[in-house]
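Here is how the chains run, residue by residue.
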Amino acid sequence: MAEEIILLDYWASMFGMRTRIALEEKGVKYEYREEDLSNKSPLLLEMNPIHKKIPVLIHKGKPICESIIQVQYIDELWPDSNPILPSDPYQRAQARFWADYIDKKTYVPCKALWSETGEKQEAAKMEFIEVLKTLDSELGDKSFFGGNKFGLVDIAFIGFYSWFRTYEEVANLTIVAKFPKLISWAQRCLKRESVAKALPDSDKVLKSVSDHRKIVLGIDEFHV
Amino acid sequence: MNQEEQVKLMGLWGSPFSKRVEMALKLKGIPYEYIEEDVYGNKSPMLLKYNPVHKKVPVLIHNGRSIAESLVIVEYIEDTWKTSHTILPQDPYERAMARFWAKYVDDKVMLAVRKACWGPESEREKEVKEAYECLKCLEKELGDKLFFGGETIGFVDIAADFIGYWLGIFQEASGVTIMTAEEFPKLQRWSEDFVGNDFIKEVLPPKEKLVAVLKAMFGSVTSN
């Protein structure tokens, strides 16, 4: 059955990765369309006139914007395969709380980590370390954030893993050494086909950001 | 009802976030014990225990467990108590739209209005224009519906409680005008219907008290 799903996305977006993972988890076929963020397509501007951002999920011609909202939509349409939200209301609330926490606390600092220098970057580093500490504590000894099953919060955060190498190099952050539990969690998630397919290669992200910083900020991170 | 089942709400008398939860509980006919928190003064040990991540209100305590973040709490209430008043639509696409607009109110509109009313004079014109544009989007979304939720008060109406009641008060206290009845006839009509609803008006904080507190907190930005 052709569901006619189009995803407008950007390969390195940790938000777009969430929606890709959700669609793969459900085994739903969709058309992926890469957006040039410096030259946004008329379709993107038409489908997301308010924010003009990716990812945009278009289902039977109707747009759904905001990645966590898209993931919940996908889960509600295909509830029987690989449920993403738990069925218990309290557990659902906890999942939504932590997805909201990740969104509220990472958006600004994560952008500054790769696009800024000096004080602004330092401030962003402090903020992001706090987020990692909090998430590390929340994960504890569980396999996934929700317990034994892969779910919403894992989907909300796993995309950031593909950016860890970039943050370490470009912002001089120590992540892998300091947060072994989070790294194990990420490796566990990567064993799932949906995640392995959705996440780009970390080195590719780093190269893209380094090139950007060279051009825009005049910083050559890898001077010989 | 035993102690465990009892619903408690830790809130702040003047906060639109806190009131969203009270509105949802009232609409659903769920009895609760209200606990006023001195958030700006002395945060109680209870608050720090039940919301260690954000240390903010509102916090709902049900069956001895806590849920934080107002819109997460409202969804929890909807998931837990199946009564005749439904807050979210059944259709997944309509639900996604409701979540999108509620997030829009939270992320964009409230911040824009706060900046416009209380931000620095130098930014006033720019911020008022931004807030005006945000409200125009909501005016368009409301259209000819009675409420954002359709025939009855729904998720977006509750999320937009700030616009229904607090916006007018912010305008009065700050001396800054963003929304007028002439420019926003639909939102004006909606806010009158919203605050006129029996369940909603029961929980609204007294206007004079709010004006006095706002003036004391921020001062009047235009000449008295």
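Predicted model only: the values in this text are computed from it and were never measured. (Residues numbered from 1 in each chain as written. Chains lettered and ligands numbered in written order. Predicted model: local features only at pLDDT ≥ 70, side-chain atom pairs only at ≥ 80, totals over all residues. Heavy atoms only, no water.)

1. A few points about the pairing of strand S2 (residues 33–36) of chain B
All names here are of chain B. Sheet topology note: the strand S1 (residues 7–11)/S2 ladder contains 4 bridges and is parallel. Looking at the pairing, Leu 9 lines up with Tyr 34 of S2. Running through helix H1 (residues 16–28), the crossover from S1 to the neighbouring parallel element S2 is right-handed. (Pairing = 2+ DSSP bridges. Helix = DSSP H or I, 4+ residues; strand = E, 2+ residues; numbered from the N terminus. Right-handed = clockwise from strand over helix to strand, strands pointing away.)

2. Section: the packing of helix H7 (residues 161–174) of chain B against helix H8 (residues 185–196) of chain B
All names here are of chain B. At their nearest, the axes of H7 and H8 sit 9 Å apart, and the two run at 95° to each other. In terms of axis orientation, H7 runs roughly perpendicular to H8. On the side of H7, the interface is formed by Asp 161, Ile 163, Gly 164 and Tyr 165, while H8 contributes Trp 190, Ser 191, Phe 194 and Val 195. Here the contact of H7 with H8 is composed, by residue class, of 5 nonpolar, 2 polar and 1 charged. (Axes fitted to C-alpha atoms, helices over the stretch in contact; angles between N-to-C directions. Parallel < 35°, antiparallel > 145°, perpendicular 65-115°, else oblique. Contact = heavy atoms within 4.5 Å. Nonpolar A, V, L, I, M, F, W, Y, C, P; charged D, E, K, R; others polar.)

3. Examining unusual backbone geometry
Across residues other than glycine, the phi torsion is negative in most instances, and most of the peptide bonds are trans. A cis amide bond links Ile54(A) to the next residue, Pro55(A), at an omega of 0°. Between Val57(B) and the following residue, Pro58(B), the backbone shows a cis peptide bond with an omega angle of 5°. Assignment of secondary structure puts Pro58(B) in the loop between helix H2 (45–50) and strand S3 (59–62). Non-glycine residue Lys52(A) carries a positive phi angle of around 55°. Mapped onto the elements of the fold, Lys52(A) is located in the loop between helix H2 (42–47) and strand S3 (56–59). Look at Lys52(A) and you get partly exposed, because its relative accessible area is 39%. A positive phi is found at Asn82(A), a non-glycine position, where the angle reads about 45°. (Buried < 20%, exposed > 50% of the residue type's maximum accessible area, 1.4 Å probe, protein only.)

4. Re the UniProt feature "domain: GST N-terminal" (unreviewed entry) in chain B
If you check UniProt for "domain: GST N-terminal" (unreviewed entry), the listed places come out as residues 5–85 of chain B in our numbering. Counted over residues 5–85 of chain B, helix gives 37% and strand 21%. Its end C-alpha atoms are 21 Å apart. (UniProt positions renumbered as here; feature names shortened; annotations may be inferred.)

5. A closer look at the sheet that holds S3(B)
Residue and element names in this part refer to chain B. What the 4 strands build is an open sheet, ordered S2-S1-S3-S4; its pairing is mixed. Of all the strands in the sheet, the pair left with one neighbour each is S2 and strand S4 (65–68). Going from strand to strand, the sheet's axes swing by 20° on average, the running direction of each strand aside. Sheet topology note: the S1/S3 ladder contains 4 bridges and is antiparallel. Along S3, the bridge assignment pairs Met 10 with Val 59. Against the sheet, H1 makes contact with S1, S2 and S3, and its axis sits at roughly 155° relative to S1, the strand it touches most.

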